[in-house]
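Analysis of the macromolecular model
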Amino acid sequence: MMESWRSAYTILHQASLTPDSLAGLPLVVLTRENVIEDEQKQQTELARLSRNSRKEMAVGSGHFIQIERLDLVIEAPKSVMTKQYAAPHRP
């Protein structure tokens, strides 16, 4: 399972994604507990892809955040939508 993450990360990196290359697109990066330093660095780099991002530690989860902390997985897009609709709309 870890290799698929590393493979996806490599593909993103090779696509020359630079800081804020997502141009402010909302992004929530959920991180499991007890990650190794290399994984933490990768997650930080992912969060830097958007100036409108946030990292959140999924306390009590292992590798399968979507199973072990489903509440966070559900809340992340809800919080993005709430923030988007609360922001003043520009013509």
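None of these values were measured; they are calculated from a predicted model. Numbers given to residues run from 1 along each chain, matching the order in which its sequence is written. Reporting in this predicted model follows two pLDDT cut-offs: at least 70 for local features of residues, and 80 or more for side-chain atom pairs to be given and counted; totals over whole chains, interfaces and linings ignore these cut-offs and use all residues. The basis for the side-chain values is all heavy atoms of the structure; hydrogens and waters are excluded.

1. Points about the side chain of Thr 31
Put simply, the rule reads: Counting from the N terminus, the helices are DSSP H or I runs at least four residues long and the strands are E runs at least two residues long. Using a 1.4 Å probe on the protein chains alone, a residue whose accessible area is under 20% of its type maximum counts as buried, one over 50% counts as exposed, and one in between counts as partly exposed. Counting of polar contacts relies on pairs of N or O atoms within 3.5 Å, with two restrictions inside protein: one atom must be capable of donating a hydrogen and the other of accepting it, and residues adjacent in sequence are counted only when both atoms are side-chain atoms. Any pair of residues with heavy atoms lying within 4.5 Å of one another is described as a contacting pair.
Take Thr 31: it is sitting in strand E1 (residues 27-32). A relative accessible area of 2% means that Thr 31 is categorised as buried. One polar contact links Thr 31 to Gln 43, side chain to side chain, over a distance of 2.5 Å. Sequence-distant contacts of Thr 31, that is, excluding residues within four places in its chain, are made with Gln 40, Gln 43, Glu 56, Met 57, Ala 58 and Ile 65.

2. A look at unusual backbone geometry
A positive phi angle, near 50 degrees, is found at Ala 23, a position not held by glycine. On the secondary structure map, Ala 23 appears in the loop between helix H1 (2-14) and E1. Assessed through its relative accessible area of 52%, Ala 23 is described here as exposed. Even without a glycine there, the phi angle at Asn 34 is positive, about 55 degrees. The residue Asn 34 is located in the loop between E1 and helix H2 (37-47) in this model.

3. Topic: the confidence of the model for the protein
Keep this limit in mind: Known as pLDDT, the predictor's confidence for each residue is given on a scale from 0 to 100.
The predicted model of the protein averages 83 in pLDDT, with 81% of residues at 70 or higher. Element-level mean pLDDT values for the protein span from 69 in H1 up to 94 in helix H3 (residues 65-68).

4. Looking at the pattern of salt bridges
Put simply, the rule reads: Here, a salt bridge means any Lys or Arg side-chain nitrogen found within 4 Å of an Asp or Glu carboxyl oxygen.
This structure, assessed with the given rule, holds four salt bridges. The partner of Asp 20 in a salt bridge is Arg 51, and the shortest N-O contact between them spans 2.2 Å. Within this pair, whereas Asp 20 is found in the loop between H1 and E1, its partner Arg 51 is found in the loop between H2 and strand E2 (53-58), the two being separated by 31 residues in sequence. On the basis of relative accessible area, Arg 51 is assigned to the exposed category, the value being 60%. Taking the shortest distance from any N to any O, the salt bridge between Arg 32 and Glu 39 comes out at 2.9 Å.

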